[in-house]
Amino acid sequence: MEKVCQFLDEAHVYYLATVEGEQPRCRPFGTSLLYDGKLYIQTGKVKDVSKQIAVNPKVEICAFNGGKWLRVSGELVNDDNRDVKVAMLEKFPTLKSMYSADDDNTQVLYFKNAVATFSSFTEKPEVIKF
């Protein structure tokens, strides 16, 4: 899981795919945090992505960096733990202008039943489950 988070940090941007009805939705994200043995991302509860995850928590993210790419599929689980929100905002201080650990909008979610696959055109895929 540390390798996954490190790759996401180094890529800076990954793309999160959700489903709205039968329509796939994909958008750029940049938050990832290892906390208490879980991989977290962050969004706002008022956003469509949050509503899509509430209906169908199965998601996939994809990032590309240095000729390699990472895909992580799994389910996202909401976590209202204030300490995780604080840790996320400390790691990404630019978010503090939009979010607070104490507002009703900040949402942190962790991956459950996740499968991460590192790929490239020159190496055999590496699969990590968590």
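Summarised in this report is the structure supplied together with it. (Residues numbered from 1 in each chain as written. Predicted model: local features only at pLDDT ≥ 70, side-chain atom pairs only at ≥ 80, totals over all residues. Heavy atoms only, no water.)

Thoughts on the nonpolar core
One finds Val-4, Leu-8, Leu-16, Ile-41, Leu-70, Val-72 and Phe-111 to be the most contacted residues of the largest nonpolar core, which totals 24 residues. Contributing elements (two or more residues each) for this core: α1 (2-11), β1 (14-20), β4 (38-44), α2 (48-55), β5 (58-65), β6 (68-79) and β7 (106-120). Among residues more than four places away in sequence, those in contact with Val-72 are Val-4, Val-59, Glu-60, Ile-61, Phe-111, Ala-114, Val-115, Ala-116 and Phe-130. Among the nonpolar cores identified, the runner-up in size contains 11 residues, and Val-84, Leu-89, Tyr-99 and Tyr-110 belong to it. (Core = buried A, V, L, I, M, F, W, Y, C linked by side-chain atoms within 4.5 Å. Buried < 20%, exposed > 50% of the residue type's maximum accessible area, 1.4 Å probe, protein only. Helix = DSSP H or I, 4+ residues; strand = E, 2+ residues; numbered from the N terminus. Contact = heavy atoms within 4.5 Å.)

Remarks on the pattern of salt bridges
A side chain of one charge can pair with a side chain of the opposite charge when the charged atoms of the two come close. Considering all chains together, one arrives at 8 salt bridges under this definition. Note that Glu-123 and Lys-68 form a salt bridge whose closest N and O atoms lie 3.5 Å from each other. Of the two residues, Glu-123 sits in the loop between β7 and β8 (126-129) while Lys-68 sits in strand β6, which places them 55 residues apart along the sequence. A relative accessible area of 43% places Glu-123 in the partly exposed class. Salt-bridge contacts for Glu-90 lead to Lys-96; the nearest nitrogen and oxygen are separated by 2.8 Å. Residue class for Lys-96 comes out partly exposed when judged on its relative accessible area of 42%. (Salt bridge = Lys/Arg side-chain N within 4 Å of Asp/Glu carboxyl O.)

On their own, these measurements won't tell you what the molecule is for.
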